[in-house]
Amino acid sequence: MEIKVAKNAGYCFGVKRAIEMVEETLKNYEGNRVYSLGEIIHNPQVVERLKRRGLIVVRDIEDVEENSTVIISAHGRSEEDIARLKKKGCKIVNATCPYVRLPQSIIKKMSSEGYLVILLGDREHPEVKGLVSFANGENIRVVNTNEDFSGLEADKVAVLAQTTQNREDFNLLINSLLGKFKEIRVFDTICDATKIRQEEAIKLAQEVDLMIVIGGRNSANTKRLYELSTRYCKRVLHIETEKEIDRSIISGAERIGITAGASTPNDIIKAVVERIRC
Ligand code: F3S
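Residues numbered from 1 in each chain as written. Predicted model: local features only at pLDDT ≥ 70, side-chain atom pairs only at ≥ 80, totals over all residues. Heavy atoms only, no water.

Colleague: Is there a simple way to explain unusual backbone geometry in this structure?
Modeller: Peptide bonds are trans in most cases, and residues, glycine excluded, mostly fall at negative phi. In the Ramachandran plot, N67 falls in the positive-phi region, its phi being about 60° despite a non-glycine side chain. Secondary-structure assignment places N67 in the loop between strand 3 (56-58) and strand 4 (69-72). Since its relative accessible area comes to 52%, N67 is described here as exposed. (Helix = DSSP H or I, 4+ residues; strand = E, 2+ residues; numbered from the N terminus. Buried < 20%, exposed > 50% of the residue type's maximum accessible area, 1.4 Å probe, protein only.)

Right, dumping it as structure tokens:
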């Protein structure tokens, strides 16, 4: 049996940076409470490890103690939320990925210049919720590729994507908009880490007879790797850890491809490979 692991499977720059910021903050917290609003990254195993070291994960700002330290996740947060935390006297450690800051500033600028922002993304994802808050007034629509634009009244639109969207869908969206507006400005905001992982997954999925995608079930970029792989390979599995691998799952596969979302640590990838080998 041949096992091929995608070269860039696992942690991206933004996730590594966010985890280092949490670890550094926990090291120096001196009794002060350290919170993260929502999960710092979308990987339950990593979040559990950080909780054991003292990180407190809460959903709402109301649950954050006054004058404590709050880490903003790699997905970013709305400006209003950050202002509310500051009002509570909290120290902010902002781990928003620089690749998320880019669409935040584009949305702010284009919507204030009167463009209707069309954002390809998942409405419920924290990154998208944060991005929407950067728009001026109502000048933003979160869409998917099957959106009907017939009732949309706008002369000029700015089109961009959640950083972890898949490229094929973004291209489809752009094509569906052509000819419908007087002016269309397109900003390629899919991050490099996503692009590289998706390209590798597409290539690998065509070379193997079983593809395994490792990552949190709540991780948007892992879900996209899974969806893309299913377009090119008949057998694709999405797992979080090696515990989900058993003989029946891999039986009959001669070439197995492995990739992992940007928030999957190396030790989990290694454990999956070892489990398949033994
Ligand atoms: Fe940042 Fe892209 Fe990773 S947005 S957190 S580098 S997946």
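Now that the structure has been shown, the text picks up again.
Colleague: Help me understand the domain arrangement of the protein, please; the structure alone is not making it clear to me.
Modeller: By convention, interface size is frequently given as the accessible area that disappears when the constituent parts associate. Split into domains, the protein comes out as domain 1 (2-10 + 193-277), domain 2 (13-96) and domain 3 (99-190). If you average the C-alpha positions of domain 1 and of domain 2, the two centres end up 29 Å apart. In this complex, domain 1 contributes 11 residues to the contact, which on the side of domain 2 involves 9 residues. Carbon and sulfur atoms supply 46% of the area buried between domain 1 and domain 2, which totals about 790 Å² over both sides. (Domains from an automatic or database assignment. Contact = heavy atoms within 4.5 Å. Buried area = accessible area lost by both parts, 1.4 Å probe.)

Colleague: Where do I start with the packing of aromatic side chains in this structure?
Modeller: Aromatic ring pairs are described here by two measures, namely the spacing of the ring centres and the angle between the planes. Inspection of the entire model under this criterion finds 1 aromatic pair. A ring pair is formed by F13 and Y99, whose centres lie 6.2 Å apart and whose planes are at 85°; its orientation type is edge-to-face. Within this pair, whereas F13 is found in helix 1 (residues 13-27), its partner Y99 is found in helix 4 (residues 98-112), the two being separated by 86 residues in sequence. For F13, a relative accessible area of 46% gives the class partly exposed. Accessibility expressed as a relative area gives 31% for Y99, which makes it partly exposed. Sitting over the face of the ring of Y115, K156 holds its NZ or CZ atom 4.5 Å from the ring centroid. (Phe/Tyr/Trp six-rings, centres within 6.5 Å; stacked < 30°, edge-to-face > 60°. Lys NZ or Arg CZ within 6 Å of the ring centre and 35° of its normal.)

Colleague: I keep staring at the environment of H42 and nothing clicks. Help me out?
Modeller: Relative to the helices and strands, H42 resides in the loop between strand 2 (34-37) and helix 2 (44-52). A relative accessible area of 11% places H42 in the buried class. C-alpha separation for the pair H42 and A205, spaced 163 residues apart in sequence, amounts to 23 Å. Of the polar contacts made by the side chain of H42, one reaches the backbone oxygen of N218; its length is 3.0 Å. (Polar contact = N/O pair within 3.5 Å; in protein donor to acceptor, adjacent residues only side chain to side chain.)

Colleague: Can you walk me through helix 10 (residues 266-277) in this structure?
Modeller: Each α-helix winds once per 3.6 residues, and so residues spaced three or four apart point in a common direction. Its 12 residues place the ends of helix 10 17 Å apart at the C-alpha level, agreeing with the 16 Å of an ideal helix rising 1.5 Å per residue. Those residues of helix 10 that sit buried are I268, I269, V272, V273 and I276. Relative to the axis of helix 10, the buried residues are bounded by an arc of 140° and lie together on one face. In helix 10, the exposed positions angled more than 90 degrees off the buried face are occupied by N266, K270, E274 and R277. Its buried side turned inward, helix 10 meets strand 1 (2-5), helix 2, strand 10 (210-214), strand 11 (236-239), helix 9 (247-250) and strand 12 (255-260). (Expected span 1.5 Å × (residues − 1). Arc of directions from axis to C-beta.)

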